[in-house]
Amino acid sequence: SLYGVGHIAAEQGDLATAEKVLSEALEMDRRFDRRRPMAYSTYQLGEIALMRGDLALARQRHGEALAIRTALGEKGTAAESRSALAVIALEEGKAAEAEKLAAGAAEVFAAQSAPDNEAMARATLALAMLAQGRRSQATREIERAQALVKNPQHVLARQPVLIAAAGVAEVAVSSAFLPHA
């Protein structure tokens, strides 16, 4: 299927092919009003835009995917879109927005027993809290995320958690060396 080809191309780093194939799939989905596949293609195109650093397009695509998924009543996939939007908000320096989105996504993932997704959302949540100067809360969230990925279902789930943990630890170490008033 076009979705599979696009997904494999993106995983292999061939973003141009992935974007072309997923755009073709999206056009077909729109033509036949296939909402679920439309949301999937739109989400994946948002991920490609994010990989390219085009935050505005990534936000637009993930917002479209969220709207479709919400209209379809798909809580889990809508939470994936919220989690992606949280990452984008964090990249844009909008930590409070990132916190709200990531916290909501993490709760849905927890309710659906999706530990890998929950861990990634909690890692984003920890970074959002850290960006707002709430180190102790960030530390608690990253500890929760680390506990969730001890035995991940997907090996890549551990990576964002480790990156966030390193960020939280770096701030903790550097704060220890600051003069205290």
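Keep in mind that this is a model prediction, so the values were computed, not measured.

Participant: Whenever I open this one, the environment of Ala 65 confuses me. Can you help?
Facilitator: Turning to its location among the elements, Ala 65 is positioned in helix α4 (residues 55-71). Placed 13 residues apart in sequence, Ala 65 and Ala 78 show a C-alpha to C-alpha distance of 7.7 Å.

Participant: I'm lost on helix α3 (residues 35-52) in this one. Help?
Facilitator: Residues that lie three or four places apart on an α-helix share one face, since the helix turns once every 3.6 residues. Taking 1.5 Å as the rise per residue, α3 with 18 residues should run 26 Å; its terminal C-alpha atoms sit 26 Å apart, in good agreement. Those residues of α3 lying buried are Met 38, Ala 39, Ser 41, Thr 42, Tyr 43, Gln 44, Leu 45, Gly 46, Ile 48 and Ala 49. Of the surrounding elements, those touching the buried residues of α3 are α1 (2-11), α2 (15-31), α4 and α5 (75-91). Two residues or fewer after α3 comes Gly 53, characterised by a positive phi angle close to 85°.

Participant: Would you take a moment to explain α2 for this structure?
Facilitator: For α2, spanning 17 residues, the distance from its first C-alpha to its last is 24 Å, which sits close to the expected 24 Å at 1.5 Å a residue. Looking only at α2, the buried set comprises Leu 15, Ala 18, Val 21, Leu 22, Ala 25, Leu 26 and Asp 29. Across the axial projection of α2, the buried residues extend over an arc of 140°, all falling on one side. Seen from the open side of α2, the exposed residues pointing more than 90 degrees away from its buried face are Lys 20 and Arg 31. As for α2, its buried residues are in contact with α1, α3 and α4.

Participant: Whenever I open this one, the pattern of salt bridges confuses me. Can you help?
Facilitator: Pairing between side chains becomes possible if they bear opposite charge and their charged atoms approach one another. As enumerated under the stated definition, the model contains 15 salt bridges in all. For Arg 69, the salt bridge identified is with Glu 80, shortest N-O distance 3.9 Å. With Arg 69 in helix α4 and Glu 80 in helix α5, this pair connects stretches of sequence that are 11 residues apart. Residue Arg 69 is classed as buried on the basis of its relative accessible area of 4%. Put simply, Glu 107, Glu 118, Arg 122, Glu 141 and Arg 144 are held in one network by salt bridges that share partners.

Parameters at a glance
- What you see as residue numbers is a count from 1 along each chain, following the sequence as written.
- Only residues with pLDDT of at least 70 get local features here, since the model is predicted, and only at 80 or more are side-chain atom pairs given and counted; chain-wide, interface and lining totals rely on the full set of residues.
- Heavy atoms from the whole structure form the basis of all side-chain values; hydrogens and water molecules are not counted.
- Numbering of helices and strands starts at the N terminus; helices are DSSP runs of H or I of at least 4 residues and strands are runs of E of at least 2.
- Multiplying 1.5 Å by the helix residue count minus one yields the expected span of that helix.
- Note on exposure labels: buried denotes an accessible area under 20% of the residue type's maximum, exposed denotes more than 50%, and partly exposed covers the range between, all computed with a 1.4 Å probe on protein chains only.
- Only heavy atoms matter for contacts: two residues are in contact if any of them lie within 4.5 Å across the pair.
- By definition, the arc is the one covered by directions from the helix axis to the C-beta atoms.
- The term salt bridge refers to a pairing of a side-chain nitrogen on Lys or Arg with a carboxyl oxygen on Asp or Glu at a separation within 4 Å.

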